[in-house]
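Below, each chain spelled out in residue letters.
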Number of protein chains: 2
Amino acid sequence: MPTFTPPVKDIQFLLHEVLKVSESDTPGYDELEADFTGAVLEEAGKIAANVLQPLNTVGDEEGCTLENGVVRTPKGFKEAFATLAEGGWMGLDCDPEYGGQGMPHLLNTATGEMFSSANMAFQMYVGLTHGAASALHEHGSDEQKATYLPKLYSGEWTGTMNLTEPHCGTDLGLIRTKAEPQDDGSYKISGQKIWISGGENDLGKNIVHLVLAKIPNGPDGVKGISLFVVPKFLVNEDGSLGDRNAVTCGGLESKMGIHGNSTCVMNYDGATGWLVGEMHKGMRAMFTMMNEARLSVALQGYAQAEVAYQNALGFARDRLQGRDVTGTKNPNGTADPIIVHPDVRRNLLDQKSIAEGGRALVYWGATMIDRSQRADDKDAEAMISLLIPVMKGFLTDKGFEATVLAQQTLGGSGFTKEWGMEQFVRDARIAMIYEGTNGIQSLDLVGRKLGQDGGKAIMAFFEMVKSFIKENDGNDTLKAQFLDPLKAASKDLQTAAMYFMSDGLKNPNNALAGSYDFMHLFGHVATGLMWAQMAKAAQDALANGATDTAFYTAKIETGRFYMARQLPMTSTHLARIQSGADPVMTLEAANF
Amino acid sequence: MPTFTPPVKDIQFLLHEVLKVSESDTPGYDELEADFTGAVLEEAGKIAANVLQPLNTVGDEEGCTLENGVVRTPKGFKEAFATLAEGGWMGLDCDPEYGGQGMPHLLNTATGEMFSSANMAFQMYVGLTHGAASALHEHGSDEQKATYLPKLYSGEWTGTMNLTEPHCGTDLGLIRTKAEPQDDGSYKISGQKIWISGGENDLGKNIVHLVLAKIPNGPDGVKGISLFVVPKFLVNEDGSLGDRNAVTCGGLESKMGIHGNSTCVMNYDGATGWLVGEMHKGMRAMFTMMNEARLSVALQGYAQAEVAYQNALGFARDRLQGRDVTGTKNPNGTADPIIVHPDVRRNLLDQKSIAEGGRALVYWGATMIDRSQRADDKDAEAMISLLIPVMKGFLTDKGFEATVLAQQTLGGSGFTKEWGMEQFVRDARIAMIYEGTNGIQSLDLVGRKLGQDGGKAIMAFFEMVKSFIKENDGNDTLKAQFLDPLKAASKDLQTAAMYFMSDGLKNPNNALAGSYDFMHLFGHVATGLMWAQMAKAAQDALANGATDTAFYTAKIETGRFYMARQLPMTSTHLARIQSGADPVMTLEAANF
């Protein structure tokens, strides 16, 4: 059975030594003193390790069941959800006006990471409730906010997002769910939604569905989509629950992983709903939530990598097999622990450098979301908009890859259910697909984000890289192992961006055929920048006489591995991009 | 539900236009005329598509059950096994003296590929029976051969290989299973073996276990290992079945995939066995079988990629979502089929180029096994020995990756069990682990094979690449799209080999830390060579007036994609290798 150790020390290092959050002028960050965040993280870590992690295998094996229209979540999930709700964890970064704790999104990201590492399928219920609440907070009327937010923040009710229909997922302009206006200002919602995570569940007393639908006679395509709130039980004026609404779960998907999370077919048969925000502006309402939602999926990628790595490492230290070729390390044992073998270390460091590099990237992303929301910082908003598809696509791909590598560390045991490694692989797999497939992320990046405001955001990114390199110019160790590789990788990214600008103009397929590689190329440079910053912070700590030299040295060495072994991917991504559209486009569709 | 279309045309292209088998002087190859192989492949294809493929989901969902010591395979497996046995497919390439069909191993590889694509878990029973038979054929006494081979070739009995024990898989020197010599020349075998594929099953009337064990007072480590044959039922002198032997199935593993194949804990409690080959030479006996066994696992990698690709392609042609940015392709539909989108094509071509390139590589491998066995060609034997770890490691990694990509083509549907794509991923995953993990393959390659006979085999490989490039020097299309990239990739491989020779001598960890990358680098160059050869064969066919231009053009275009989009990986692998041991070795094991 796998274990999970909350990486509180690693998180604290990022918050206080790399991001230096309490020195930031982002409103609310002054509260994030090390003692305070440490206490919060310790507490969240305990819940993750003691409450959620033991339910991870249970959730996988038991799954969810649908009986008489009611979905039963796996044994223990209801109680665990209540524990989180009671502790105020559901509304940690939510508006105090409605009962939230008002903490920065960054802190919620850090606690959510541990919950997700411990039990991804469980944490999805929490995350989607949070997402639905955020959408209502941003776009709902005062009455809607007063009705729903306190219940969602407190975990009394749960929330869902309903976008996909059987014939359309990516291309939402095709949706058929209808919303017929009623005389009382409400709408009758009719249609079928699929793959609705937590669409029906037994965790709370009510379920608040946010649903995309079309009001008849509106514009075609995505311009005719509106957003509605459709509660499972109608809410009386006094806040008590009224009639059952005409929304039902028509079935559960049987799927590769995240068995503990109910993936529902939802049937809306003239269900009563209310418009959220403006008519026909439903896509815009969804899009404003997308940065937060996609960042939380990026997190799932590296959070599974983290827990898988922890267990692979444990195995590699225990398992005796073969001898160190440079000299026996465990003379009293029948063999040496496999962590002595270079290829096992290569495997482990691939996992570790992605888990820790991914964490740095996502926390940096969370600080930008905080800045854009709390300080109305447009530059931060532009930067996070640019980086969101990179983080989501790159970190879920690499996070999944890391779980596969961690499984590989265990050899045959990794393939058995008993050791639990294969569940990390199956669970992590979904993150590459939902919240916009990674292919769609790459199109969002290259087709929408890259050129926004004349490429202002990516120029700012390059400027960041350049400044960091310049600031540390005299630092010889950093230079050879971090700055030079970062500079080369950043140059590859610039060359690729230039190629898109010149050759993409001639033929858009030149850019689109390279979009996926560009997303990964960008992900590597951004993660490389994170590692350079972490190495610098670790150097500083050592220079300032930190006593935990093992911890800081490990940061530097892991970063060095990333720069030497992961970052060289940028040259391959660039070469692929520069091969242009032809190798991808000339084969006739009929002849594949 | 997934479908499978036997790729007979692609196989025939390889056999007759690329490998030109019937022109070869390998004994027996003169029989392999196109009409004959076409008829055999059509027939095998029918069994694969009509008998085995429909049982693939059944096998996954139902799995195997153990009751009262007897393993029941999934519904339909027993009948399907009988169909294969009756058709003579089990002994297709086996010795006619014992009832085999005497065909080249190449033909068995081609039919086995289709069986494996259709139902990997099922085909493992066939493959392991074949492997056990081959080991007995190579090392058994005349009496053992007469007793076991006809029954194994005919599929009346099945066979297994018993190596792994709970405390050792890779490091077989640690095995504890004992073989006590008896007065009648037999041995009493005692110990526990785990992860024994098909260890207990209901497909045949008897099960022939080949077991590694130690005879007391022999040499320590691998030098004290002997090979034994231990039948489930003892065999009377007249060939009829006698007493039940003291070997029992102690449990079934619950695992990520290949549910239709029973993975057994096997308990030997003083079971009667007989020595196969020489005492203490068990490892050598296993090793002579390893090329064949590992080639069949390499095949599993691309065979799952093939069937996954077929289904991803079908989805990409049907699913309407979004519009071609360069102009609508399906004006009468609500959207264009997603195969118009560059990133979907990139994804499909990654799968296709690996499935078809992998097939070429493995078939070439099979011709070398035939040459070494039928013509006693030492050069062919040296070349296949060198390439086996490359094929096994590279093709199972890339094949798995292709199944993940194919799953991605389907978006959310790919994650559901209903569409069957996720099973391909779960089944393909094991091939990276068993028959020596891919990490072990890379050690075998760099630590053993590369330097054998002063590097003679890899020199011969480089010579092959060079000759092919030289022969086609005046071919301009081939030059730009195939020969130049191949030359550059081959140069990367040479540089890496040189690095190992110089820096690996200084410190073996410099070589070992780069072994995995070297295996992939080599795999890319070898697959690149295959694609160059296939493109040349397709060019020739078109020049000779072949009417099926779509087929041959597709070969050239797919190859072109491989060279432009996959082959650039060689530069990254080289850069990683050249970074040497330090980034992998300096972090203390305690500080990971």
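Model, not experiment: these values are computed from the prediction.

Each value, and the rule that gives it
Residues numbered from 1 in each chain as written. Chains lettered and ligands numbered in written order. Predicted model: local features only at pLDDT ≥ 70, side-chain atom pairs only at ≥ 80, totals over all residues. Heavy atoms only, no water. UniProt positions renumbered as here; feature names shortened; annotations may be inferred. Helix = DSSP H or I, 4+ residues; strand = E, 2+ residues; numbered from the N terminus. Salt bridge = Lys/Arg side-chain N within 4 Å of Asp/Glu carboxyl O. Buried < 20%, exposed > 50% of the residue type's maximum accessible area, 1.4 Å probe, protein only. Contact = heavy atoms within 4.5 Å. Buried area = accessible area lost by both parts, 1.4 Å probe. Polar contact = N/O pair within 3.5 Å; in protein donor to acceptor, adjacent residues only side chain to side chain. Nonpolar A, V, L, I, M, F, W, Y, C, P; charged D, E, K, R; others polar. Phe/Tyr/Trp six-rings, centres within 6.5 Å; stacked < 30°, edge-to-face > 60°. Lys NZ or Arg CZ within 6 Å of the ring centre and 35° of its normal. Pairing = 2+ DSSP bridges. Least-squares fit on C-alpha atoms with pLDDT ≥ 70 in both. Axes fitted to C-alpha atoms, helices over the stretch in contact; angles between N-to-C directions. Parallel < 35°, antiparallel > 145°, perpendicular 65-115°, else oblique. Left-handed = near helix turned anticlockwise from the far one by under 90°.

### Regarding the UniProt feature "domain: Acyl-CoA dehydrogenase/oxidase C-terminal" (unreviewed entry) in chain A
Point 1. If you check UniProt for "domain: Acyl-CoA dehydrogenase/oxidase C-terminal" (unreviewed entry), the listed places come out as residues 281–444 of chain A in our numbering.
Point 2. This span, residues 281–444 of chain A, is 74% helix and 0% strand, and a straight line between its end C-alpha atoms measures 19 Å.

### Some points on the pattern of salt bridges
Residues and elements named next belong to chain A.
Point 1. Under the criterion given, the structure shown has 67 salt bridges over all chains.
Point 2. Between Glu 401 and Lys 398 there is a salt bridge, and its shortest N-O distance comes to 3.2 Å. Here Lys 398 and Glu 401 lie together in helix α10 (residues 378–409), a separation of three residues that amounts to about one turn.
Point 3. On the basis of relative accessibility, which here comes to 36%, the residue Glu 401 falls in the partly exposed class.
Point 4. Classification of Lys 398 as buried rests on a relative accessible area of 6%.

### Let's talk about the interface of chain B and chain A
Point 1. Facing 92 residues of chain B, the contacting portion of chain A comprises 92 residues.
Point 2. Per-residue buried area on chain B facing chain A is highest for B:Phe415, B:Arg565 and B:Phe592; these three make up 12% of the total on that side.
Point 3. Applying the counting criterion to the chain B and chain A interface returns four salt bridges.
Point 4. We note a salt bridge from B:Arg560 to A:Asp582, for which the minimum N-O separation is 3.7 Å.
Point 5. Applying the counting criterion to the chain B and chain A interface returns 47 residue pairs in polar contact (both at pLDDT 80 or more).
Point 6. For the side of chain B that touches chain A, the element with the highest residue contribution is helix α18 (residues 549–566) of chain B, accounting for eight residues.
Point 7. Its residues assigned to classes, the side of chain B that touches chain A comprises 41 nonpolar, 30 polar and 21 charged.

### Things to note about the packing of aromatic side chains
Point 1. A complete count under the given rule lists 30 aromatic pairs over all chains for this structure.
Point 2. A ring pair is formed by A:Phe461 and A:Phe462, whose centres lie 6.2 Å apart and whose planes are at 65°; its orientation type is edge-to-face.
Point 3. Exposure remark for A:Phe462: the relative accessible area of 11% places this residue in the buried category.
Point 4. Over the ring of A:Phe400 we find A:Arg429; its NZ or CZ atom is 5.6 Å from the centre of that ring.
Point 5. Its guanidinium or amino end placed over the ring of B:Phe233, B:Arg244 lies 5.7 Å from that ring's centre, counting from NZ or CZ.

### Things to note about the pairing of strand β7 (residues 225–231) of chain A
All names here are of chain A.
Point 1. With seven of its seven residues buried, β7 lies for the most part within the structure.
Point 2. Across the two faces of β7 the burial is the same, with Ile 225, Leu 227, Val 229 and Pro 231 and Ser 226, Phe 228 and Val 230 all buried.
Point 3. Looking at chain direction, strand β6 (residues 206–214) and β7 are connected through seven bridges and run antiparallel. The residue of β7 that forms the bridge with Lys 214 is Ile 225.
Point 4. Across three bridges, the pairing between β7 and strand β11 (residues 263–276) is antiparallel. Residue pairing across strands places Leu 227 opposite Val 276, the latter belonging to β11.

### Focus: the UniProt feature "domain: Acyl-CoA dehydrogenase/oxidase N-terminal" (unreviewed entry) in chain A
Point 1. The UniProt record marks residues 78–156 of chain A with the feature "domain: Acyl-CoA dehydrogenase/oxidase N-terminal" (unreviewed entry), using the residue numbering of this structure.
Point 2. Structurally, residues 78–156 of chain A comprises 70% helix and 0% strand, and the distance from its first C-alpha atom to its last is 11 Å.

### Comments concerning the pairing of strand β9 (residues 241–244) of chain A
All names here are of chain A.
Point 1. Direction of pairing for strand β8 (residues 233–235) relative to β9: antiparallel, over a ladder of two bridges. From the neighbouring strand, Val 235 faces β9, where its bridge partner is Leu 241.
Point 2. A loop of five residues connects β8 with β9, the two strands running antiparallel in sequence, and Gly 239 in this loop sits at a positive phi of about 90°.

### With respect to the relation of the copies chain B and chain A
Point 1. Note on the identical chains: chain B maps onto chain A by a rotation of 180° and an axial translation of 0.0 Å, with an RMSD of 0.0 Å. Accordingly, the operation relating the two chain copies is best matched by a two-fold axis. Among all residues of chain B, the one whose C-alpha sits closest to the rotation axis is B:Thr572, at a distance of 3.1 Å.
Point 2. A share of 100% of the interface residues of chain B reappears at the interface of chain A, consistent with the copies meeting face to face through the same patch.

### Concerning the packing of helix α15 (residues 476–506) of chain A against helix α19 (residues 569–578) of chain A
Residues and elements named next belong to chain A.
Point 1. For the pair α15 and α19, interaxial distance at closest approach is 9 Å and the crossing angle is 10°. As the angle between them shows, α15 and α19 are arranged roughly parallel. You can see that α15 and α19 cross each other, and the crossing is left-handed. Side by side, α15 and α19 meet where Ala 489, Asp 492, Thr 495, Ala 496, Tyr 499 and Phe 500 of the first sit next to Thr 570, Ser 571, Leu 574, Ile 577 and Gln 578 of the second.
Point 2. Its residues assigned to classes, the contact of α15 with α19 shows six nonpolar, four polar and one charged.

### A short note on unusual backbone geometry
Point 1. The backbone of A:Asp453 shows a phi angle near 50°, a positive value even though the residue is not glycine.
Point 2. Locating A:Asp453 in the fold gives a position in the loop between α13 (438–449) and α14 (456–471).

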